[in-house]
Amino acid sequence: MSVAISVRNLTKHYSRQNDSITVLNNLSLDINSGEFMALMGPSGSGKTTLLNIIAGIDQPSSGSVNVFGNDISAMSEAQLSKWRANNVGFIFQFYNLIPVLTAYENVELPLMLTPLSKTERRQQVENALAIVGLADRTKHTPNQLSGGQQQRVAIARAIAMDPNLIVADEPTGDLDKKSAHDIMELLSKLNSDFNKTIVMVTHDPSAAERATIIRHLDKGDLLPL
Ligand SMILES: Nc1ncnc2c1ncn2[C@@H]1O[C@H](COP(=O)(O)OP(=O)(O)O)[C@@H](O)[C@H]1O
Ligand SMILES: [Mg+2]
């Protein structure tokens with residue numbers, strides 16, 4: 001198996017007034033291509049911070065992060081945002097859909113930032129909505145959909161550009177048991193059938209159990225396997 005994500009000596013501080021807090025402490029981690037990793041740990045242990053740095057939303061204070069051969073820790077903001085748009089799909093706890101847009105338009109939104117034509121966009125949006133099982137809900141707005149369906153729209157949005165990497169921050173955290181199960185089925189399918197590398201933060205042991213590997217963070221340290 002080849003390494004997809006290589007984090008080396010990653011440290012992240014946040015400064016507030018005169019205070020500096022260390023959120024990640026000299027952390028190193030490899031994630032293999034095609035792996036589905038669950039990140040667990042207490043609230044405040046740095047899970048979201050690590051996920052955001054791996055996905056290029058946030059930048060390290062020191063250390064390096066290499067994702068599919070790109071040293072993203074050395075990129076400028078502009079390079080990072082372009083890289084993200086093409087390489088990473090994001091799934092959040094509260095879906096982060098735009099309320100006034102339909103499911104179709106929500107999934108199309110990130111494609112507007114790419115050079116794809118309208119026809120190409122339509123093909124990718126329809127394909128993504130079909131994969132998540134919502135081909136019959138394209139004209140619904142988020143408030144006309146259940147929580148589980150909204151999360152599936154968010155997953156369609158995440159995969160519309162066919163990224164190699166999917167990051168998910170507590171994707172089942174706001175869902176009932178049945179919807180959570182369906183979302184985990186879908187993430188497993190994206191991993192096994194579409195070969196997506198997935199990094200998922202979760203508190204839910206039954207969600208973590210679907211991953212191929214579970215790692216634990218504690219106060220900014222990665223616990224040994
Ligand atoms: N933008 C920020 N500014 C200052 N402190 C932050 C910021 N983001 C996160 N933190 C702090 O970093 C720590 C880890 O946060 P986070 O990565 O969100 O943890 P987790 O996702 O494990 O709950 C917390 O103590 C949090 O308060
Ligand atoms: Mg978090």
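Let us look at the structure shown here. (Residues numbered from 1 in each chain as written. Chains lettered and ligands numbered in written order. Predicted model: local features only at pLDDT ≥ 70, side-chain atom pairs only at ≥ 80, totals over all residues. Heavy atoms only, no water.)

## A look at the nonpolar core
Stage number 1. V107, V132, I155, L187, L190 and M200 are the most contacted members of the largest nonpolar core, which has 39 residues in total.
Stage number 2. Sorting the residues of this core by element identifies β3 (36-40), α3 (103-108), α4 (118-131), α5 (147-159), β7 (165-169), α6 (177-192), β8 (197-201) and α7 (205-208) as the ones contributing at least two each.
Stage number 3. Among all residues touching L190, those that are not within four sequence positions of it are I131, I155, I159, I166, N195, K196 and I198.
Stage number 4. Formed by 31 residues, the second largest nonpolar core is a distinct cluster that contains I53, V199, I213 and L222. (Core = buried A, V, L, I, M, F, W, Y, C linked by side-chain atoms within 4.5 Å. Buried < 20%, exposed > 50% of the residue type's maximum accessible area, 1.4 Å probe, protein only. Helix = DSSP H or I, 4+ residues; strand = E, 2+ residues; numbered from the N terminus. Contact = heavy atoms within 4.5 Å.)

## Re the environment of R215
Stage number 1. Positionally, R215 belongs in strand β9 (residues 213-218).
Stage number 2. Among the residues examined, R215 registers a relative accessible area of 13% and is labelled buried.
Stage number 3. Counting along the chain gives 19 residues from R215 to K196, while the straight-line C-alpha distance between them is 18 Å.
Stage number 4. Those residues in contact with R215 that lie beyond four places of it in its chain are L29, M37, A38, L39, M40, L222, L223, P224 and L225.
Stage number 5. Within the structure, R215 has its side chain in polar contact with the backbone oxygen of L223 (distance 3.0 Å). (Polar contact = N/O pair within 3.5 Å; in protein donor to acceptor, adjacent residues only side chain to side chain.)

## Re the site of ligand 1
Stage number 1. What surrounds ligand 1 is the set Y14, V23, P42, S43, G44, S45, G46, K47, T48 and T49.
Stage number 2. Within the contact set of ligand 1, an oxygen atom lies 3.0 Å away from a backbone nitrogen or oxygen of G46.
Stage number 3. In the model, an oxygen atom of ligand 1 is placed 2.5 Å from a nitrogen or oxygen of the T49 side chain.
Stage number 4. The protein chains hide 64% of the 560 Å² of surface that ligand 1 would expose on its own. (Near = heavy atom within 4 Å. Areas by Shrake-Rupley, 256 points an atom, 1.4 Å probe, with all protein chains shown as cover.)

## Considerations on the pairing of β7
Stage number 1. Counting buried residues along β7, five of its five residues qualify, which places the element largely inside the surrounding structure.
Stage number 2. A two-sided burial pattern is seen for β7, the buried positions comprising L165, V167 and D169 on one face and I166 and A168 on the other.
Stage number 3. Two strands pair when backbone bridges link them, and strand β6 (residues 88-91) and β7 are joined in this way by four bridges, in the parallel orientation. Each residue of the ladder has a partner; that of V88, found in β7, is L165.
Stage number 4. Where β7 and β8 come together, five bridges link them in parallel fashion. The residue of β8 that forms the bridge with A168 is M200.
Stage number 5. With α6 bridging β7 and its parallel neighbour β8, the resulting β-α-β unit is right-handed. (Pairing = 2+ DSSP bridges. Right-handed = clockwise from strand over helix to strand, strands pointing away.)

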